[in-house]
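An overview of the molecular structure
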Protein chains: 2
Amino acid sequence: MDPNMTPHETVHGDVSNKYDIVVIGAGPVGLLLSTCLARWGYKIKHIDNRPEPTKTGRADGIQPRSLDLLRNMGLKPAIMAHEPAKVYEVAFWDPSSTESGIHRTGTWASCPSFIDARYPFTTLLHQGLIERIFISDLEKNGVSIQRPWTIKGFKTDEKADPEFPVEVDLEHVDGKGKETVRARYLFSGEGARSFVRDQLKIGIKHKDPIAHVWGVMDGVVKTDFPDIKMKCTIHSEHGSIMVIPRENDMVRLYIQIASSTDKDWSPRKTATEQEVQDSAKRILEPYSIEWERVEWFSVYPIGQGIAEKYTLDHRVFMGGDACHTHSPKAGQGMNTAFLDALNLAWKIHHVQAGFADRSLLESYESERKLIAENLLNFDAKYAALFSQRPPAAKDVAAASQQSDKTQDSRGEENQFIKTFKESCEFTSGYGVAYDPNLLNWSPSHPAQSNLINPSGHKLRTGRILINSNVTRVVDANVVHLEQEIPVNGSYRIYIFAGRPSSSSKALQDFVESLKKKSSFFSSYLRPDIDSVSHHERHNPHSHFFTFCTIFNSKRGDVEISRDVPPILARYRDHIYADDIWDQRVPDATAAAHAKMGLNEEKGGVVVVRPDGYVGIVTSLVEGSGPVEALNEYFGSFCTKKLGEKNTAHL
Amino acid sequence: MDPNMTPHETVHGDVSNKYDIVVIGAGPVGLLLSTCLARWGYKIKHIDNRPEPTKTGRADGIQPRSLDLLRNMGLKPAIMAHEPAKVYEVAFWDPSSTESGIHRTGTWASCPSFIDARYPFTTLLHQGLIERIFISDLEKNGVSIQRPWTIKGFKTDEKADPEFPVEVDLEHVDGKGKETVRARYLFSGEGARSFVRDQLKIGIKHKDPIAHVWGVMDGVVKTDFPDIKMKCTIHSEHGSIMVIPRENDMVRLYIQIASSTDKDWSPRKTATEQEVQDSAKRILEPYSIEWERVEWFSVYPIGQGIAEKYTLDHRVFMGGDACHTHSPKAGQGMNTAFLDALNLAWKIHHVQAGFADRSLLESYESERKLIAENLLNFDAKYAALFSQRPPAAKDVAAASQQSDKTQDSRGEENQFIKTFKESCEFTSGYGVAYDPNLLNWSPSHPAQSNLINPSGHKLRTGRILINSNVTRVVDANVVHLEQEIPVNGSYRIYIFAGRPSSSSKALQDFVESLKKKSSFFSSYLRPDIDSVSHHERHNPHSHFFTFCTIFNSKRGDVEISRDVPPILARYRDHIYADDIWDQRVPDATAAAHAKMGLNEEKGGVVVVRPDGYVGIVTSLVEGSGPVEALNEYFGSFCTKKLGEKNTAHL
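Below is a summary of the structure that appears in this document. These numbers were taken from a predicted model, which means no experiment stands behind them.

Bringing the pattern of salt bridges into the picture now. Residues and elements named next belong to chain B. Tallied over the full model, the rule gives 84 salt bridges over all chains. In this structure, Glu-158 engages Arg-315 in a salt bridge whose closest nitrogen and oxygen atoms are separated by 3.1 Å. Placement of the pair is Glu-158 in the loop between β8 (149–156) and β9 (166–172) and Arg-315 in the loop between β17 (305–307) and β18 (316–318), with a sequence separation of 157 residues. Relative accessible area serves as the criterion here: at 36%, Glu-158 is assigned to the partly exposed category. One salt bridge connects Glu-601 with Arg-499, and the closest N-O pair in it is separated by 2.9 Å. Highlighted residues: Glu-601 in the loop between α15 (591–596) and β25 (604–608) and Arg-499 in the loop between β22 (491–496) and α11 (500–515), separated in sequence by 102 residues. For Arg-499, a relative accessible area of 29% puts it in the partly exposed group.

In structure tokens:
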């Protein structure tokens, strides 16, 4: 395959039963994967063994970082059109020492202000509605879910068919229809019970040996409990429940029915709807609660588990609940699934488009398995944080402040504050951090230019880009910089250009260096570059990258034809003025530069992966250094030798 | 009819050809009117003489205040899903004195920061897309537009049928289908050529005798003109054009083809598509422009005109372009139409629901005709502001500041700044101001309590409520207070309750006074009050009003069961903590109180009309005074005698 082939051309010839990918399961992980790949032009076979999308119940929590992602995919308006509940605070209720019944011991913010989130709340919406939003987006790209179909077998044979090495047997659930298809990749988003995982004989490791039986009930209630519209953790003499508000006046209650630490533990222990309601009534005393309608009720045993591998051959992959299960308490299931899918989507794309070595796919498991392990560890830690004692109001207040301090007034490390901050970062999704590797620069990365990692910058490789507001020059729109490039599968290269008067030579040199034959820019130009519409905003030169240029200047003072060299000026919708005041850096002239910790005069270059995580940061100086540093970085995982150094070796 | 009848019951009996209202024309004015009335339960016949909604061209500018309104109706997400262009700045281009061709003389903000707007931009979206959003909302309420049908005649006879006095003859445009229906009201949203207006023999007054022929072209262009994504006013030696960006990479050009001040003036003068493009090319020199596609092209003569009456009998009404025509330059047509419709909708509702005297309907013409006259005056003034000289950059900068000053550095009144501010307020829609009448309190209003109009408050009767952010107590959501009550046809009564410790007695007395038999509260209770769902958020007691209570307190410190008397606590989704910092009042503890100019300790009561305009402001003090003041206010236009004073007279 031509490495510079555009994605739309990747499947050709007599290919009626050949697909780029076969996706099993139309839950959050499978749907987000398909949505990305369908938008980028791949041919998809997507099946699900249910006759229709989720009707009731199941996951419902969208964390702040996931909402950013859905917005970046253009799906947030559809989410918000359903008027989901938004959880800004969590309330804690405990038995009262003086009176009978429960009393509130405190509340804390879901996403306190020390996290610089666009949407400091958790969005609660029924999984079925979320699935339908993806399905309708897929339909716009010609993909529909084939239902109710199931997978009956698969095998990979690279020798027999190096292009479409995976053979997959599919069957209608009634056993009447059968189909055998060939694919480049197979993905299991089947959930906890995964046929693919079983066939691959991949084991599940149980981090925490404790298992629980949970009862969960969605319904409409009438109650005088004052926090029924907040997320609540309620402990009482009669047991514990968790309250989660929902759309359409609904509320979800989680109740722990049995635990493997119980003397009479049985994973088969169950409870009726009536028993759960009676139990909830006792727990909520002195408040009353009555059900007007129960939408969904389920009892299920669940233990913490993590798949030992996410893939064996880098052709058949798994993600979501097929790889990790845990308690529903922290509301992380769907969010972790989304990020599994996004992580895999762009890596498949970069391999298939000929940008990256096939070995890029190895980083899917190494990056995402670490996150799942962190999730499982967190799950246990989060419970422990509250099992000891309710947090004092002053601790929560101190911990919620907009600062990086983890020391208390006596200068001592406060363990509560530290754990609190970590858990807020974790539950918000802003805490996801990938370890150093070829994608996430660290001092041990092959790229060793001394321009890399300039002193003072506040970005962290493997973490998402810091949010900032800037003014788009062409139309004076105030925009959210981190949202400006859609999820288009491209690397996002932000050139913070400082003051035009200080950096014009550096910017000029940057562009001259891009033009060199061996640069990452010149090496991955679109083959159809001469016929690209002048309205193309994001990928006029290449699907490998999109450029943004941000000046420390008032919008009206930026004149694109004068201040921006032609290659960067071609991205005319991605030229910005850093002229919007920000409460977090009130004294800065250029708030976005300042928030990133980049020099406001001289700027710097920030490379962000297609999934939004920072890859590398370099200085912006005169000469070829900055582009050479990027060549070194990209060259470490790209298909071509990049940069002066490397070509000298050829 | 029972005055407390709910709107859903207003049509009954043998009513197959009887309607609450017949609406002619499915443009912005007719659609917004129908959408409101359909939501409030009225039976509607809505016809349009076109076979389908607007396909191309026509109005496209949604001003900031209209976007607030559409959001308040829940329609903003659907607007934004179309990814409209947003105009934040207007650029001015003039002939250069030194070189050939045009050069930019300056830019100014569409909605500068001295206007406290949620959305400081104009939203540009094709009228057809906007129409479809309303049509789809109407369909949810069982109303579909009957097309292509036209009106052939109508007459009003209150004696023959006092309930449905208007008889309307409708006909399919092919003349084959005919229908005669009876209605309580008839509304003409027919546009500039109105059959209804002609039949009523209502004349058009021409404020400015000058008429123009305009050419307008929507299309996709390729150009190096740097401001093609901004709104531009371009003067050159070769003529003048106005540039307006659109969705989907389109741009609209307005070009003045002839003026009645020309020597060879003819309203029939025209121009071809090619002539307009050639003319644009000359005007834009030294920049180039080429058309890739023309979506719409039209040449039409238009003069300023205003209908002498908006109604004759308060049964047959007109609104929108049927009442006022003017140049398209300020982008006000659709916005004025929306507000015409909203103004009429709630007044019809309050009369039909039995809340207000029928004379309330007289205020439709008096309020909206004044706005149309202001629009026509503004239209002329706006042109004059720029015909003299381009504004100096420093004047625009000074004028855009966040202050009420209209004086320059020498302390002199600066006419430019004054006119600039007025015009920004006008074009943003934030400047709409209704004159004093029974709805908009002034010292000459019959309500004369000395609690009315407390010193220091910054609200202006007849103007919209000032925007503010607060925290909703039940779910800790940070919300936009002015948006919290949807367009539900109800009066919005905001009780700013100051500090709970200072105002608890006053709040208690307020509720006790509401309970009195002759209060506006007790007089307009819902007849079905005992069967109202406890999930009803806005109208548990009455469709006449919705209450909001706002405390100067941290959210966590408000305990509804302790701090809020039961009647107000019933609106549990409308209890707020005024604890969100605001950049405009950085030193305030309670920013919303401070922005309204209400005492942060003691609060105050703000009554906002169902269309969002402030009606009256009173102090919140102990005793029955505040409710008595509201009784006096409402009693001036309601169907019942309200308050102690009035009942004493009976």
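This part is about the relation of the copies chain B and chain A. In screw terms, the move from chain B to chain A is a rotation of 180 degrees and a rise of 0.0 Å along the axis, fitting with an RMSD of 0.0 Å. What we have between these two chains is a two-fold relation. Across chain B, the rotation axis passes nearest the C-alpha of Pro-77 of chain B, at a separation of 3.0 Å. Most of the interface of chain B is mirrored in chain A, where 100% of its interface residues again form contacts.

Let us look at the packing of aromatic side chains. All chains considered together, the criterion is met by 68 aromatic pairs over all chains. Seen in terms of ring centroids, Phe-634 of chain A and Phe-637 of chain A are 6.2 Å apart; in terms of plane orientation they differ by 75 degrees. Their pairing is edge-to-face. Like Phe-634 of chain A, the residue Phe-637 of chain A is buried in the burial classification. Centroid distance Tyr-88 of chain B to Phe-121 of chain B: 5.1 Å. Interplanar angle 35 degrees. Geometry classified as tilted. On the criterion of sequence distance, the pair formed by Tyr-88 of chain B in the loop between β4 (85–87) and β5 (89–95) and Phe-121 of chain B in the loop between β6 (102–109) and β7 (122–124) is long-range, its members being 33 residues apart. Sitting over the ring of Tyr-524 of chain A, Lys-640 of chain A keeps its end group 5.3 Å from the ring centre.

Time to look at the sheet that holds strand β22 (residues 491–496) of chain A. All names here are of chain A. Taken together, seven strands build an open sheet; the order of strands is β21-β20-β24-β23-β22-β25-β26 and the sheet is mixed. Each edge of the open sheet carries a strand with a single partner, namely β21 (478–480) and β26 (614–618). Taking the axes of each pair of neighbouring strands and ignoring which way they run, one obtains an average angle of 30 degrees across the sheet. Taken together, the four bridges between strand β25 (residues 604–608) and β26 define a ladder with antiparallel strand orientation. Note on β26: the bridge partner recorded for Val-606 is Val-617. The strands touched by helix α11 (residues 500–515) are β22, β23 (545–551) and β25; relative to β23, the strand with the most contacts, the crossing angle is about 165 degrees.

Conventions used here
All chains use their own residue numbering, which begins from 1 and follows the written sequence. Here the convention is simple: chains get letters from A, ligands get numbers from 1, in the order in which they are written. Note on the predicted model: pLDDT of at least 70 is required for a residue's local features to be given, and 80 or more for side-chain atom pairs to be given and counted; whole-chain, interface and lining totals, by contrast, use all residues. Where side-chain values are given, they derive from all heavy atoms of the structure, hydrogens and water being excluded. Criterion for a salt bridge: a side-chain nitrogen of Lys or Arg within 4 Å of a carboxyl oxygen of Asp or Glu. Helix and strand assignments follow DSSP, with helices taken as H or I runs no shorter than four residues and strands as E runs no shorter than two, numbered in order from the N terminus. Relative accessible area decides the class of each residue, using a 1.4 Å probe on protein chains only: under 20% of the type maximum gives buried, over 50% gives exposed, and in between gives partly exposed. Copy-to-copy superposition: least squares on the C-alpha atoms, limited to residues that have pLDDT of at least 70 in both copies. Contacts between residues were defined by any pair of non-hydrogen atoms, one from each residue, lying within 4.5 Å. Pairing of aromatic rings covers Phe, Tyr and Trp, the last through its six-membered ring, and needs centres within 6.5 Å; plane angles under 30 degrees mean stacked, over 60 mean edge-to-face, and all others mean tilted. Sitting over a ring, as applied to charges here, requires NZ of Lys or CZ of Arg to be within 6 Å of the ring centre and within 35 degrees of the ring normal. Pairing between two strands requires that DSSP report at least two bridges joining them. Here an angle of 0 to 180 degrees is reported between the N-to-C directions of two axes, which are lines fitted to C-alpha atoms, with helices fitted over the stretch in contact.

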